[in-house]
Amino acid sequence: MRSMPHRFSLRIAPLLIAGLSGAHIAAASCAPPPEDGTPQWRPALHYTPQRNWMNDPNGLVYENGRYHLFYQYNPLGNDWGNMSWGHATSTDLVHWREQPVAMHASATEEIFSGSIVADTRNTSGLGAPGKTPLVALYTSAYKDGSGHAPGTQAQSLAYSLDHGATWQPYAHNPVLTLDPESKQFRDPKVSWYAPGGYWLMTTVVADAHVVKLYRSGDLIHWTFLSDFTLPGVPHDGALWEMPDLVPLPLDGDARRIKWVMIVNVNPWSIAGGSGSMYFVGDFDGRTFTPDRVAPAGSDPAQFRWVDHGADFYAAGTFSGAPSVRPVAIAWMSNWDYAAKAPTTPWRGAMTLPRELALTTIGDEPWLIVTPAAAFDAWASAGRPATRLDDLSVRSTLTELPAATRGIVQRITLSLAPQGASRAGLVVRRSANGAIGTKIVYDTATRTLMLDRSQSGEANFSSAFSKQHIVNLPLEHGRLKLEIIVDRGSIEVFANGGRVALTDLIFPPRDADRIAVFSEGGSATFGELTVTRLADSGDDNHVCASRQAPPGGR
Ligand code: FRU
């Protein structure tokens, strides 16, 4: 490690410092009590429940000025089980407030994943005068005594007339079941199909690798439309879960709508274990037809992935979000090792909300994934930022100035690897350099790698994969990076969202340094800006995720 050359100039805009006080006030007004367990890994920017196990985001819906994030939750412990729907709300997609559990597992039924729509036209007839029903379609996972064979999965309905605070199960559940009943029929995602004037549902038969599509006029009676599957693709043992079919304008042109089918697959992901793949194609109101399907025998690298890191699963989009682009959230973990993640008293976090767009690159449409504009706006509004002048590094590693130290931050830069064979950054780096998470560009292979092999605690599971690599050509010789660092995660967005990589990490709290490096030649780090998004004492997330009365944020 070398100390900072003097040519670095460091500017901290006074205006931005002034803006910081707002963040302090917000955090102090609901400062959490000191936390037991592993507060060093409690995210400041990502939703976690105060206590206990969480997996998939469920029922993502915007209604009456609030975003709702329901989720697979065990109210009774820090392991998967007693699956219920936890609930959190937000007005800005940044600060989340934990609400009481929305739907509880019972002795005869667990509440698996599903979705929610606001039935503004009261097509279901479940509304009341002046009250729009929120309608949840979810999977009933039946147990002994339910009247169904234990393990049976079927789609059920519940509704809320008080903006999601309390839920009534529909009297004649389930509303959709397979014949014969199946133990793998789950994860209904419902949306309004405007061209046809009906509700559309995607579900899966998980072990058969099939997405099943249905339509309904009233959210209660469902008619089969079609199956989407990939015959001959060799990923035996993998499950297809949490499908979502999303219309997107190609290159922002509303007259060229393409449909993106997101299928979460476990295992067989590009980064190992569970991950989110997608297909771009057309939907005619009945059948989804992908433009291109990798030939039988292809490996995961021949498929498209929403995220190339290890910790992005069960992704789904918000219904009714006011943004122009759809907003997605995923569970920031991986079934390969989620059960062993070393956090307590909670286990499981959500990714940042991300916006989806479709852009032609080469001659094909690709999904573009960027942090939600609401997050960007919050991160940019009055946060203290350190900007460095262009920095040239020749076959060495250089630690950035002390003003860039932090553990909850956004790092943006434009990296020109030039003559270097490899160049990149180390974040969450310890003083002696033994710990750090690397973001590395390799000019020979034209790949970007997120390397967490030295990121801290990593021995809790042999399946905790270490390096995640994606093909990514430079653009005009440069790689643009936006890196969101939190206490227990790294999210990398490259070349304007052309590629995203999300990984959990478990570093010590004092690993708070950033270094840049090049190997085999010089590289230039331009426009390097480090924005502090929370102070070490802040915990706007814990604060926001405490139980709050309904009607709170
Ligand atoms: C995906 C998943 C879903 C299921 C839920 C159960 O992670 O397996 O298919 O509904 O989790 O918690």
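Residues numbered from 1 in each chain as written. Predicted model: local features only at pLDDT ≥ 70, side-chain atom pairs only at ≥ 80, totals over all residues. Heavy atoms only, no water.

An unreviewed UniProt entry lists the chain under the name Levanase, with Caballeronia ptereochthonis as the source organism. Quoted verbatim from the Sequence similarities (unreviewed entry) field of the UniProt record, the comment on the chain reads "Belongs to the glycosyl hydrolase 32 family." (UniProt positions renumbered as here; feature names shortened; annotations may be inferred.)

Colleague: Tell me about the confidence of the model for the chain, and please be specific about residues and values.
Modeller: With 90% of its residues at a pLDDT of 70 or more, the chain shows a mean pLDDT of 91. Long-range and interchain partners of residues 1-30, a stretch whose pLDDT sits below 50, account for 53 contacts in this model, where long-range means more than four residues apart. Below pLDDT 50 for its whole length, residues 539-553 participates in 57 contacts with residues either more than four positions away or in separate chains. (pLDDT = per-residue confidence, 0-100. Contact = heavy atoms within 4.5 Å.)

Colleague: How would you sum up the pattern of salt bridges? Please name residues and give values.
Modeller: Counting across every chain of the model gives 19 salt bridges. One salt bridge connects Glu399 with Arg429, and the closest N-O pair in it is separated by 3.1 Å. Residue Glu399 is located in strand E26 (residues 397-399), and its partner Arg429 is located in strand E28 (residues 422-429); the two are separated by 30 residues in the primary sequence. The pair Glu399 / Arg429 is uniform in exposure class, with both members buried. One salt bridge connects Asp503 with Arg452, and the closest N-O pair in it is separated by 3.9 Å. With Asp503 in strand E34 (residues 499-504) and Arg452 in the loop between strand E30 (447-451) and strand E31 (467-471), this residue pair connects regions lying 51 residues apart in the sequence. With respect to class, Asp503 is no different from Arg452; both count as buried. (Salt bridge = Lys/Arg side-chain N within 4 Å of Asp/Glu carboxyl O. Helix = DSSP H or I, 4+ residues; strand = E, 2+ residues; numbered from the N terminus. Buried < 20%, exposed > 50% of the residue type's maximum accessible area, 1.4 Å probe, protein only.)

Colleague: Give a detailed account of the nonpolar core, specifying residues and quantitative values.
Modeller: Among the nonpolar cores identified, the biggest contains 33 residues, and Ile411, Leu448, Leu481 and Ile483 are the most heavily contacted of them. Of all hydrophobic cores here, the second largest spans 30 residues; its members include Leu358, Val369, Phe493 and Ala534. (Core = buried A, V, L, I, M, F, W, Y, C linked by side-chain atoms within 4.5 Å.)

Colleague: Would you mind going over the site of the ligand in detail, with residue names and values included?
Modeller: Near the ligand the following residues occur: Asn55, Asp56, Gln72, Trp80, Phe112, Ser113, Arg186, Asp187, Glu241, Tyr313 and Trp335. For the ligand, an oxygen atom lies 3.1 Å from a polar atom in the side chain of Asn55. A distance of 3.0 Å is found between an oxygen atom of the ligand and a side-chain nitrogen or oxygen belonging to Trp80. For the ligand, whose free accessible area comes to 320 Å², the fraction covered by protein is 95%. For the shell around the ligand, the elements supplying multiple residues, two or more each, are strand E2 (52-63), strand E6 (109-118) and strand E10 (185-193). (Near = heavy atom within 4 Å. Polar contact = N/O pair within 3.5 Å; in protein donor to acceptor, adjacent residues only side chain to side chain. Areas by Shrake-Rupley, 256 points an atom, 1.4 Å probe, with all protein chains shown as cover.)

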